[in-house]
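In case you want the letters, here they are:
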Amino acid sequence: MANQGFVRTLNLSEINDGAQTIQNLAGGTVDSDLRVFAGLSSERSQLLWNRFINTTEINQSVASLKNGTQFIWDTNYTYTDDDYIYIEPVNLLRDFNATYIGFAEGNSVVSDPLGALDYNYDIGEGYTPGTYNNVALTGGNGSGAKVNLIIGNDGTISSVQVLDLGGTGYSYGDKLLIGDGSGGDGVGFVIRVTAFPWEATAVGNFAWGIEDLDILNLRVTFDNCSATLDGTYTIAQGASNKNIWGVPNNAVNLAYDINRQITVQEKIENNLDIYDIDGDGSITVQDKTYIEMFINGDDELTFTTYIQNNPVNAGSVRQTGPAIYRYIAGLASSVLDVDGTGVANATDVSLINSYVTSSTTPKSIYVRQSATNLASGRQSYSATLRHAISVTAKVPSNPGTKQSLGIGDVYDPPYFYIEKYENNEWKNVYDNFAKYGTAQTCSTTETEYVNNTNVGVLKSEGDIQYRIVDKFVVFDGTQNNYYVRIVASGTGFTNGQVFGSLPTLTATTGVPVFNKNSEYGVFDSDGAAKFYLRTNPRSSVESIKEMVLFSTSYSLSTSESTQYGGTQVPTLTLIPDLVFKRDDSLLLSNIQNLESPEIVDDGENKYSSGFDAFSYGIEGYATELAQVTDNVDESIYLRTTKYRIDRNLYYTKEIKFNGFITSYDPDELNLTQTDLVTDLSPGIYISSSLSQITNPLASDYANKTRSFSSDFNPWTAFPAADKLSTQSLNVTINDLVWTTEIEFDIATSNTYLTRFTSTSDLNQTFGSNLQNPLDEANPTTYKLKMTINGEVFYLMMKKA
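Residues numbered from 1 in each chain as written. Predicted model: local features only at pLDDT ≥ 70, side-chain atom pairs only at ≥ 80, totals over all residues. Heavy atoms only, no water.

Attention now goes to the pattern of salt bridges. Under the criterion given, the structure shown has 21 salt bridges. A salt bridge links Glu422 to Lys427; the shortest N-O distance between them is 3.6 Å. Overall, Glu422 belongs to the partly exposed group, its relative accessible area being 24%. Where Glu519 meets Arg538, a salt bridge forms, and the shortest distance between an N and an O atom there is 2.9 Å. One end of the pair, Glu519, is in the loop between strand E26 (511–512) and strand E27 (520–523); the other, Arg538, is in the loop between strand E28 (530–534) and strand E29 (553–555), and 19 residues separate them in sequence. Taking relative accessible area as the criterion, Arg538 reaches 54% and is therefore assigned exposed. (Salt bridge = Lys/Arg side-chain N within 4 Å of Asp/Glu carboxyl O. Buried < 20%, exposed > 50% of the residue type's maximum accessible area, 1.4 Å probe, protein only. Helix = DSSP H or I, 4+ residues; strand = E, 2+ residues; numbered from the N terminus.)

Here it is, written out as structure tokens:
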């Protein structure tokens, strides 16, 4: 199936082993197709996550039957199983503004060619000595720059004074020359712009805390924006070496509280019809009252009385108490839980009230200020500025407008992330993955393991919630040791701590469940909008590929939230915007990623296969490569299998068919030992309808293939010995598959197979309450020990 990940830029330059392999197989016929890949840059495809639109849930994976954190997209593009990805926390761009600020050293006289921070110059030679004012400069990306020059007696430039902050529109690296009419016929004088004369302010999708960023060195990286903006830039500090931030709305609120407000804002705006409880066409204080009554537990009779005393507005769809009550009761619980913290309560009512009583048009709880406003009123961290939602930095050239940067693109939005320099390394400010929980392996007793350990159960101990995700037994050579794997909130339990009941567990050192430096594998994808993640995706050992499961809750401190501090909130409310990056360079291992998506979307869920639909912009290569692959596979099969008659053939792939298989000996060729070595020995064949299985002609062998056995097939059953036997010298018994009957060789007993010959033996092992399965006339019953998912079971069998 074609991979449906959204690909920003085709990544096909690294053809090191993929192209060579294809050319070797195809004999050069694929050269013309691969030629279109030449020169294209190697990048990564990106699947972007908007925290206020997309959702996450803790669900049981259908493929693994284990709990995991499922990522669910609102769009129709996602990655498919076995994609390998890295994940970076980012902040999607919501607004942007750039202003030309020129040069801080404008109007300053500079005598040292290398002494200016904003520009330097070559002194040149051969100019006419003198003082020249208002000399126009040419070159570069801008216009209007003028300088005052003093030319010394030696004909070189002795000082430069750039006027009016250097005109407008220039860029870092521009070279400016003297225009006509000043300084004579000298040569070599040039001004080089060495500063970033543009200032850009980016408004993010969500807010972040800035208290611990107060005096740290910071830098911002823009990506997916434009060629003139993408890159990493230092954020300049203000007075007292403090970082300066744009002052947003509700500046005194902490970041978590702001993001809950934005969550409610987005949720109501995207579902106006749902929150219009009485159906009068708008969300009003009356709708808030109905929701509040329901959250407080008022019943249908109370609603009836209330509406009788407080009639709904004329023209409302729902006009009676029962109609309004039943409408609210029929809503999903997540609808009334507007802030997404897991429970509908007074906080949700307060947030809805903030919306319906808003004086703005349209109504709002939190509005991101424009980039223009946030670029002006700026200040350092203080008690009146507890969060930021924008960042300002100097950039080298005109980065473009909000529209040209693609802000608002459904599938391919631009983004930025901020890094802080701390403990000798740069750390992503938005990386809060350490709060997603801790995976711990705990020991327990056999009794607790067998009787009280239920996988998937959510438990709590103090402020820590934990979920049992797996259990297993390890035999150390002497005894069985019983273990339970959990995912706990926060940093989990300390090493050696005994906690819980039913079961009681002893904790070992835990590890974070998620981090941005690890590679993850997409798992149990529906190919359209949702998937899980697994660890160690490239390993061939399935047992170490753990499902990624975030803890259920996170305990917010009062320093993180004023409104929710000291309470347990869903860990899933902490997830920032994310970018999932997949390597799409042209290698043999991921050439399938180049297949055109089967789902085509123009951004509004209108599917089309036209030229304006989503595509890689390359026509025909997928079909050609598929044809080459088919030809190569067919050629290999014809040369090595279908037409080969000089030796026995073994086909290792699984074969499925509809119809009958017959093994027969029509000419009675296997009556004696000597007959078994002849070429005409019968077997099981896959053949065309025209082939005669016993035809000795070589030409007919091309139409039939012997399967499931050697050329000396016959198997003989010996019921008395409970055996199948053959005198063949070359038998591949692993290829013999029985689909209609399973038999156990129970002729001998061993440590795993216990034989019972009397009822007393049976009762001694299992107790007298077990129904007697023995036939006393033929006392032969067996117990087969087996381990399933770490638990020991016994299978009772009676010999037929």
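Take the nonpolar core next. Judged by nonpolar contacts, the single largest core of 70 residues is most densely connected at Val160, Trp208, Phe416 and Ile418. Those residues within four positions of Phe416 in sequence are excluded, and the remaining contacts are Val90, Asn91, Leu93, Ala202, Val203, Gly204, Trp208, Val220, Thr221, Phe222, Val391 and Tyr430. Counting 52 residues, the second-largest nonpolar core is a separate cluster that includes Tyr275, Val487, Tyr520 and Leu549. (Core = buried A, V, L, I, M, F, W, Y, C linked by side-chain atoms within 4.5 Å. Contact = heavy atoms within 4.5 Å.)

For the pair helix H6 (residues 300–309) and helix H7 (residues 321–329), interaxial distance at closest approach is 7 Å and the crossing angle is 135°. As summarised for this structure, H6 and H7 are arranged oblique, according to the angle between their axes. The element H6 and its partner H7 pack so that their crossing is right-handed. On the side of H6, the interface is formed by Glu300, Phe303, Thr304 and Ile307, while H7 contributes Gly321, Pro322, Ile324, Tyr325, Arg326 and Ile328. For the contact of H6 with H7, the residue count by class is 6 nonpolar, 2 polar and 2 charged. (Axes fitted to C-alpha atoms, helices over the stretch in contact; angles between N-to-C directions. Parallel < 35°, antiparallel > 145°, perpendicular 65-115°, else oblique. Left-handed = near helix turned anticlockwise from the far one by under 90°. Nonpolar A, V, L, I, M, F, W, Y, C, P; charged D, E, K, R; others polar.)

With that settled, consider the confidence of the model for the protein chain. Caution applies to low-pLDDT regions: their predicted coordinates should not be interpreted in detail. Per-residue confidence for the protein chain gives a mean pLDDT of 79; residues scoring 70 or more make up 68%. Residue range residues 1–41 is modelled with pLDDT below 50. Its contacts to residues more than four positions away, or to other chains, number 106 contacts. Note that residues 598–602 has pLDDT below 50 and, in this model, 21 contacts with residues that lie over four places away or in other chains. (pLDDT = per-residue confidence, 0-100.)

Turning to helix H9 (residues 346–356), its buried residues number three or more, namely Thr347, Asp348, Val349, Leu351, Ile352, Tyr355 and Val356. Taken together, the buried residues of H9 touch helix H3 (255–269), helix H4 (272–275), helix H5 (285–295) and helix H8 (333–336). The N-cap residue of H9 is Asn345: its side-chain oxygen and the backbone nitrogen of Thr347 are 3.0 Å apart. (Polar contact = N/O pair within 3.5 Å; in protein donor to acceptor, adjacent residues only side chain to side chain.)

Moving on, we get to the packing of aromatic side chains. Per the stated rule, a full pass over the model turns up 38 aromatic pairs. Relative to Trp198, the ring of Tyr100 lies with its centre 5.3 Å away and its plane at 75°, an arrangement referred to as edge-to-face. Residue Tyr100 is located in strand E4 (residues 84–100), and its partner Trp198 is located in strand E12 (residues 198–209); the two are separated by 98 residues in the primary sequence. Accessibility expressed as a relative area gives 9% for Trp198, which makes it buried. Consider the rings of Phe514 and Tyr520, whose centres lie 4.7 Å apart with planes at 25°: the pair is stacked. (Phe/Tyr/Trp six-rings, centres within 6.5 Å; stacked < 30°, edge-to-face > 60°.)

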